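Overview (structure and organization)
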Amino acid sequence: MDAVIDELPLYWEGFRTTLSLTLLSAVIALVLGTILGSFRVSPVPTLRWFGTAYVELVRNTPLTLVFIFFVFVAPQLGWTPSDFFAPAVVALSVYTAAFVCEAIRSGINSVGVGQAEASRAIGLTFPQTLRLIVLPQAFRTVIPPLINIFIALTKNSSVAGGFFVAELFGVGKQLTNAHPGDVIAVLLGVAVCYLVITIPAGLLAGYVERKVVFAR
Amino acid sequence: MSSILYDAAGPRTRRRTLAWSIVGALFVLALLFLAYRQLDEHGQWETERWQVFWDPPMGQSAEDVWRSLLVTGLGATLRAAGVAAVIALVGGLVLAVARMSGTRLVRVPVTTVVEFFRGLPVVLLMFFGVFALELSFFWGVVFGLVIYNSAIFAEILRAGIMSLPKGQAEAAYAVGLTRWQTLFSILLPQAVRRMLPSLVSQLVVLLKDTSLGFIIAYSELLRQLQTNTQFFGQRYWFQFFVVGAAIYIAVNFTLSRLAVYLERRGTTKAAGGVAKAAEPVGGKVGGGEAGSSV
């Protein structure tokens, strides 16, 4: 237990790294996923295929393999970043974007048919329909699944700890080596840090889900 | 093609769609070309680099390479996934039943435990298994997968039972079945059937998560890729990555197809039969749970 208290600054450091890793990847994945999602519902076949191929490929690939690509393979292809934070953000965003894309697509499909029909009837073009009518409504139903995806992202960011980023799990590994007598306490400390993020977010998702259901 | 977003196209729209299609195709081709050139610039297409799979250097035979990947690597991955899946399904069933128990003394702690483990990264649980409980690497991986996935399976099964029409349980009690009989002979069979697609897609997640064993040094498929590149040299990383990814995608794709097939079969059954009432809510809940285990 003393080990945990002594190492609190290191925990804080790891917690902050996990948070910035998660938030940065979440923003990039949200943008990328929304673009891919609109590809998947667009009337243009080639874009639809591209979106489908991307989602199918990424969903069947383990995140660890994505990390291996950006950390070990990319240097062989000419990308040599100065630290391990950047490849971790890229790997997490690329992976999460596929799930964001699916959530947004199902959100778009949940918007009433009449909405798109009405907007076509008043002469809006396809991009206008999507941007002004459908997406704003889709985002609302999409928020609970999106929160769930970002909870998963928080947990997934622990994989970065296995690839040389000193986030929470990385700190846990480091402290396990430093305090072999206190492994259980050290790892429980790490677990608590993760739960501090994931449990409130889960409650929020449940709350929003109930709100949205009532509003419909 | 089933979209609510556009009508059947007229001649002008068809022309415009075609134009955009070509633009889209050019965009995709440009991406592919950039990737190809990047690889070419670093000599990744040279036959010599791919030869490692049929005529490897350093006195190894092709059989050695493939054995290390398919037998040692994929074998270890599938073994861990298989053992973990069986134990986790049983564990999930137990937790689901306990969570719906009539006694608060059972329900409350179980709920807490499920919520606790659902919020933790699997790799942390594996690490805990190996270093705190001093399990072997294999059992460490299985431990992490079982703890996490039991919690998820429990939630899926519970969502399935909750989505059943109330009349099912009421009728069962009315004909004099006990709580346990109702659960096991009336509710669970229907819930499992309804949630089969979610269960299978969670199995895909479980299989993917065995790759986290890479981080705690369990010698599964990805570790074997790394071992090979350490032996033959870093310059073979891309080639081994491509083969490793192909193996993973092939296995997972087969399982995912199974999920889609089961889903389709399930919906045709439901459309003609009884269990349609709870579809929107039940479907949402199931989807949410599967989504939370990205």
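Residues numbered from 1 in each chain as written. Chains lettered and ligands numbered in written order. Predicted model: local features only at pLDDT ≥ 70, side-chain atom pairs only at ≥ 80, totals over all residues. Heavy atoms only, no water.

For chain B, an unreviewed UniProt entry supplies the name Amino acid ABC transporter permease and the organism Jiangella ureilytica. One UniProt comment on chain B, placed under Sequence similarities (unreviewed entry), says "Belongs to the binding-protein-dependent transport system permease family." Listed under Subcellular location (unreviewed entry) in UniProt, the entry text for chain B is "Cell membrane". (UniProt positions renumbered as here; feature names shortened; annotations may be inferred.)

For chain A, the name recorded in an unreviewed UniProt entry is Amino acid ABC transporter permease, with Jiangella ureilytica as its organism. Among the UniProt annotations of chain A, the heading Sequence similarities (unreviewed entry) holds the following wording: "Belongs to the binding-protein-dependent transport system permease family. HisMQ subfamily." According to its UniProt record, chain A has this under Subcellular location (unreviewed entry): "Cell membrane".

A few words now on the packing of aromatic side chains. Per the counting criterion, the structure on display carries 23 aromatic pairs over all chains. With a centroid separation of 4.8 Å and an interplanar angle of 50°, the aromatic rings of phenylalanine 84 of chain A and phenylalanine 164 of chain A are classed as tilted. Of this pair, phenylalanine 84 of chain A sits in the loop between helix H4 (63–73) and helix H5 (85–110) while phenylalanine 164 of chain A sits in the loop between helix H7 (126–156) and helix H8 (168–178), and the two are 80 residues apart along the sequence. Looking at phenylalanine 84 of chain A, the relative accessible area reads 37%, which means it is partly exposed. On the numbers, 5.6 Å between centres and 10° between planes, the contact of phenylalanine 163 of chain A with phenylalanine 214 of chain B is stacked. Placement of the pair is phenylalanine 163 of chain A in the loop between H7 and H8 and phenylalanine 214 of chain B in the loop between helix H8 (179–209) and helix H9 (221–232), with the two residues belonging to separate chains. With relative accessibility at 1%, the residue phenylalanine 163 of chain A sits in the buried group. Take phenylalanine 214 of chain B: its relative accessible area is 2%, and that puts it in the buried class. Connected via pairs of aromatic rings, a cluster forms that spans Phe67, Phe72, Phe84, Phe163 and Phe164 of chain A together with Phe214 and Trp237 of chain B. Seen from the ring of phenylalanine 214 of chain B, arginine 223 of chain B lies directly overhead, with NZ or CZ sitting 4.7 Å from the centre. Lying over the aromatic face of tyrosine 236 of chain B, arginine 235 of chain B brings its terminal NZ or CZ to 5.5 Å of the ring centre. (Phe/Tyr/Trp six-rings, centres within 6.5 Å; stacked < 30°, edge-to-face > 60°. Helix = DSSP H or I, 4+ residues; strand = E, 2+ residues; numbered from the N terminus. Buried < 20%, exposed > 50% of the residue type's maximum accessible area, 1.4 Å probe, protein only. Lys NZ or Arg CZ within 6 Å of the ring centre and 35° of its normal.)

Further remarks concern a nonpolar patch on the surface. Residue and element names in this part refer to chain B. A surface patch of nonpolar side chains, about 610 Å² in accessible area, is lined by Val86, Ile87, Val90, Val94, Leu133, Leu135 and Trp139. For the nonpolar patch, the leading source of residues is helix H3 (residues 62–99), giving 4 residues. When you line up the elements, valine 90 lands in helix H3. (Patch = residues over 30% accessible without salt bridge, like charges linked within 9 Å, V, L, I, M, F, W, Y side chains within 5 Å. Areas by Shrake-Rupley, 256 points an atom, 1.4 Å probe, with all protein chains shown as cover. Salt bridge = Lys/Arg side-chain N within 4 Å of Asp/Glu carboxyl O.)

Moving on: the UniProt feature "transmembrane region" (unreviewed entry) in chain A. All names here are of chain A. Feature annotation in UniProt places "transmembrane region" (unreviewed entry) on residues 20–39, 60–78, 84–101, 146–171 and 183–208, given in this structure's numbering. The span residues 20–39 is 100% helical and 0% strand by assignment, and the distance between its end C-alpha atoms comes to 28 Å. Within residues 60–78, the helical portion is 58% and the strand portion 0%, while the C-alpha atoms at the span's ends are 26 Å from each other.

Let us now look at the UniProt feature "transmembrane region" (unreviewed entry) in chain B. Cross-referencing UniProt, the feature "transmembrane region" (unreviewed entry) maps to residues 18–36, 76–98, 110–131 and 236–255 of chain B in the present numbering. Here residues 18–36 of chain B is 100% helix and 0% strand, with 26 Å between the C-alpha atoms at its ends.

The pLDDT averaged across chain B works out to 81; a share of 88% of its residues lies at or above 70. Two numbers describe this predicted complex: its pTM, 0.83, and its ipTM, 0.85. (pLDDT = per-residue confidence, 0-100.)

On to H5 of chain A. Look at H5 of chain A: 37 Å from first C-alpha to last across 26 residues, which is about the 38 Å you get at 1.5 Å a residue. The principal kink in H5 of chain A, of about 25°, is found at alanine 97 of chain A. (Expected span 1.5 Å × (residues − 1). Bend = angle between axes of the 7 residues up to and from the residue.)

Core analysis: the largest hydrophobic core is formed by 120 residues, its most contacted members being Phe67, Ile68 and Phe163 of chain A together with Phe240 of chain B. Looking at this core, the element that brings in the most residues is H5 of chain A, giving 13 residues. Not counting residues up to four positions away in its chain, the partners in contact with isoleucine 68 of chain A are Val73 and Phe163 of chain A together with Phe214, Leu222, Trp237 and Phe241 of chain B. (Core = buried A, V, L, I, M, F, W, Y, C linked by side-chain atoms within 4.5 Å. Contact = heavy atoms within 4.5 Å.)

With that settled, the discussion passes to the layout of surface pockets. Within this model, the second largest pocket holds a volume of roughly 1400 Å³. Counting only elements with at least two residues in the lining of the second largest pocket, the list comes to helix H2 (8–41), helix H3 (45–59) and H4 of chain A together with helix H1 (11–41) and helix H10 (237–272) of chain B. Residue contributions to the lining of the second largest pocket peak at 9 residues, all from H1 of chain B. (1 Å grid on protein atoms, 1.4 Å probe; cavity = no way out; pocket = protein on both sides within 12 Å on 5 of 7 lines; lining within 4 Å. Points joined across faces, edges and corners; volume = space filled by probe spheres on them.)

A few words on the packing of helix H6 (residues 137–162) of chain B against H8 of chain B. Residue and element names in this part refer to chain B. The N-to-C vectors of H6 and H8 enclose an angle of 140°; their axes lie 8 Å apart at closest approach. Comparing the axis directions of H6 and H8 gives the class oblique. In this structure, H6 meets H8 at a crossing whose hand is right-handed. Together, Leu145, Asn149, Ile152, Phe153, Ile156, Leu157, Ala159, Gly160 and Ile161 of H6 and Leu183, Leu187, Leu188, Ala191, Val192, Met195, Ser198, Leu199, Gln202, Leu203, Leu206 and Asp209 of H8 make up the contact between the two elements. Split into classes, the residues belonging to the contact of H6 with H8 amount to 16 nonpolar, 4 polar and 1 charged. (Axes fitted to C-alpha atoms, helices over the stretch in contact; angles between N-to-C directions. Parallel < 35°, antiparallel > 145°, perpendicular 65-115°, else oblique. Left-handed = near helix turned anticlockwise from the far one by under 90°. Nonpolar A, V, L, I, M, F, W, Y, C, P; charged D, E, K, R; others polar.)

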